[in-house]
Amino acid sequence: MTNQPDQQGISRRRLLGTAGAAGAVGLMTGAAGGTAGFAAVDSPTPITVVGSTAVPFHGTHQAGITTPMQSIGHIIAFDLVANAGRKSATELMRRWSTATEAMTAGRPPADDDQIALDAGPCSLTVTFGFGRGFFTKTGLDDRAPAALVPMPHFPSDAIDPKRSDGDLWIQIGADDPLVAFHALRVLQREANEAATVRWQMNGFNRTPGATARPKTVRNLMGQIDGTGNPKPTDKDFATKVFAPDKHGAEAWMNGGSYAVVRRIRMLLDDWADLTLPQQEQVIGRRKDNGAPLSAGEGGTETTPMDLNKFNPDASLAIPGDAHIRVAAPESNGGATVLRRGFSYHDGYDTDGQPDAGLLFITWQADPAAFITVQTKLDGADHLTRFIRHESSAVFAVPGGAAPGEYVGQRLLEG
Ligand code: HEM
């Protein structure tokens, strides 16, 4: 018991540190306002804050784009029924927004099934997007954004069309599995006769508070994943991630973004056959701390990578086919994407292979940025041998709803 005062001192300091910071914004993270970052935070998250943290539904941008990644994710795509039309789509977006506004504030929606009744909002975010078919079925083709082009076929793709595309898309994130499932179930039921489920996928990330000193999340290959992402504090962050403001037919997309969704299977047994140095050469970063291979001893995750650095034997420190070299904006004429995905694991195949990988979601001002990077990666990236793109979709994600508005109102009623 001699060290009890010290233990109390530490936990009290940690609690005050985090609760104080959270309290200043009413226990809300400022995702919709676009201020939340991905950088590692030094103070651990006390468990009580996990439940009570709410992410505002209303804002310039929809939540779930710059919001810190939650531990549970569901993504679901719907097709509008053939004769649904604009009126039915409008009512659907209104119903979905009303239910989301309540759930993200920790309130039960109408006719609640009570799955999450005694839980707080747990950082729930719900993000809505429109696929190309949405515009056709609602008679709004003339207002479909020019940037919303179909994804091209990449040579190494193994795409399942049944788990691709969709008229409507919802991304749900929360720091509690029941809260996340509740939102999924409520929104799926609200689709009523207007839209039917096309595909649905489930993912996860590390639980808040699981590490004493939270860092960038790891993926199922064991790598620190997200280091090279643009940061909300970067000068040109908004230009890279959010659609440019426009007048006229596409003005409804102001404050919006484009989501590219790829279910990328990891060939984990092949990956496990590599030695640790081989794995690090494939990515171009150390596996334990995420330091670029150009940094040498003493490098950290945040040490800038040097693509021009050579080893004493005249080989490139970051190999020519290393993932970070081929994917970097410097190698792609500046093309930048914000990666904010979830890991997935859907059990084992009959041949004993894990059906696991990344629900890879990128956010960008124009899907052309993803297409540029993926075109380069598909031919030149060493990682391509250890992954398989199995499904693909792209959605126009409108700006956030102002109080009193529903998501997509400026498209459907503008
Ligand atoms: C399962 C598939 C993938 C895995 C496991 C993976 C893993 C990684 C890892 C470990 C890093 C280094 C740390 C970091 O900066 O986040 C990285 C960087 C990056 N990846 Fe991937 N990645 C995958 C697919 C993709 C795809 C499909 C794209 C884009 C089309 C992409 C784009 C990038 C970019 C832009 C970077 C940052 C490069 C820089 O430092 O500038 N990745 N990825």
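It should be emphasised that the depicted structure is a prediction, and the values quoted were computed from it without experimental measurement. (Residues numbered from 1 in each chain as written. Predicted model: local features only at pLDDT ≥ 70, side-chain atom pairs only at ≥ 80, totals over all residues.)

Some details on the overall build of the protein chain
Here comes step 1: Along the protein chain, the regular secondary structure elements total 11 helices and 9 strands.
Here comes step 2: Counting all 414 residues of the protein chain, 45% fall into the buried class.
Here comes step 3: Intrachain contacts of the protein chain at a sequence separation of at least 6 include 79% that bridge at least 24 residues. (Helix = DSSP H or I, 4+ residues; strand = E, 2+ residues; numbered from the N terminus. Buried ≥ 20, exposed ≤ 12 C-beta atoms within 10 Å, placed from the backbone. Contact = placed C-beta atoms within 7 Å.)

Points about the site of the ligand
Here comes step 1: If you check the shell around the ligand, you find 26 residues, and the closest are Gln-223, Thr-227, Gly-228, Ala-327 and Ala-328.
Here comes step 2: Elements with a minimum of two residues in the shell around the ligand: strand E5 (257–266), helix H9 (323–327), strand E8 (354–364) and helix H10 (368–380).
Here comes step 3: Looking at the shell around the ligand, the element that brings in the most residues is H10, giving 4 residues. (Near = placed C-beta within 6 Å.)

A word on unusual backbone geometry
Here comes step 1: In the Ramachandran plot, Asp-165 falls in the positive-phi region, its phi being about 60 degrees despite a non-glycine side chain.
Here comes step 2: Backbone geometry at Ala-314 places phi at a positive 75 degrees, although glycine is not the residue there.
Here comes step 3: One can find Ala-314 in the loop between helix H8 (276–283) and H9.

Some points on the confidence of the model for the protein chain
Here comes step 1: Per-chain confidence: the protein chain averages 90 in pLDDT, with 88% of residues scoring 70 or above.
Here comes step 2: For residues 1–41, every residue scores under 50 in pLDDT, and the model assigns this stretch 67 contacts once sequence neighbours within four places are set aside. (pLDDT = per-residue confidence, 0-100.)

Examining helix H5 (residues 177–190)
Here comes step 1: The end-to-end C-alpha separation of H5 is 20 Å, in line with the 20 Å expected for 14 residues at 1.5 Å each.
Here comes step 2: Listing the buried residues of H5 in full gives Val-179, Ala-180, His-182, Ala-183, Leu-184, Val-186, Leu-187 and Glu-190.
Here comes step 3: Buried residues belonging to H5 abut strand E1 (72–80), helix H3 (85–104), strand E2 (125–130) and strand E3 (168–174).
Here comes step 4: The positive-phi residue at the C-terminal boundary of H5 is Asn-192, with phi of around 45 degrees. (Expected span 1.5 Å × (residues − 1).)

Observations regarding the nonpolar core
Here comes step 1: Formed by 91 residues in total, the largest nonpolar core has its most connected members in Ala-183, Ala-259 and Phe-395.
Here comes step 2: Among all residues touching Ala-183, those that are not within four sequence positions of it are Met-103, Leu-124, Val-126, Ile-172 and Ala-174. (Core = buried A, V, L, I, M, F, W, Y, C linked by C-beta atoms within 7 Å.)

Considerations on the environment of Asn-308
Here comes step 1: Along the chain, Asn-308 falls in the loop between H8 and H9.
Here comes step 2: You can call Asn-308 exposed: it has 8 C-beta atoms within 10 Å.
Here comes step 3: Note: C-alpha distance between Asn-308 and Ile-318 (10 residues apart in sequence) is 8.3 Å.

Quick look at the packing of H3 against H5
Here comes step 1: Direction vectors running N to C along H3 and H5 enclose 160 degrees, while the axes themselves pass 9 Å from each other. Here H3 is positioned roughly antiparallel relative to H5, judged by the angle of their axes. In the crossing of H3 with H5, the sense of the turn from one axis to the other is right-handed. Contacts between H3 and H5 involve Arg-95, Trp-96, Ala-99 and Met-103 from the first element and Ala-183, Val-186, Leu-187 and Glu-190 from the second.
Here comes step 2: For the contact of H3 with H5, the residue count by class is 6 nonpolar, no polar and 2 charged. (Axes fitted to C-alpha atoms, helices over the stretch in contact; angles between N-to-C directions. Parallel < 35°, antiparallel > 145°, perpendicular 65-115°, else oblique. Left-handed = near helix turned anticlockwise from the far one by under 90°. Nonpolar A, V, L, I, M, F, W, Y, C, P; charged D, E, K, R; others polar.)

Some points on the pairing of strand E9 (residues 387–397)
Here comes step 1: In terms of burial, E9 is a largely internal element, 9 of the 11 residues being buried.
Here comes step 2: For E5 and E9, the ladder comprises 10 bridges, and the chain directions are antiparallel. Bridged to Arg-265 within E9 is Arg-388. (Pairing = 2+ DSSP bridges.)

Some thoughts on the pairing of E8
Here comes step 1: Burial runs high along E8: 8 of the 11 residues are buried.
Here comes step 2: The pairing of E5 with E8 spans 8 bridges and is antiparallel. In the strand pairing of E8, Val-261 is matched with Ile-361.
Here comes step 3: In this sheet, E8 lies alongside strand E6 (residues 338–339) in antiparallel orientation, the contact comprising 2 bridges. Bridging from a neighbouring strand, Arg-339 pairs with Thr-362 of E8.

Things to note about the environment of Ile-159
Here comes step 1: Following the sequence through the fold, Ile-159 ends up in the loop between helix H4 (132–137) and E3.
Here comes step 2: Along the chain, Ile-159 and His-389 lie 230 residues apart, while their C-alpha atoms are 6.4 Å from each other.
Here comes step 3: When sequence neighbours within four positions are dropped, the list of residues in contact with Ile-159 reads Ser-164, His-389, Glu-390, Ser-391 and Ser-392.

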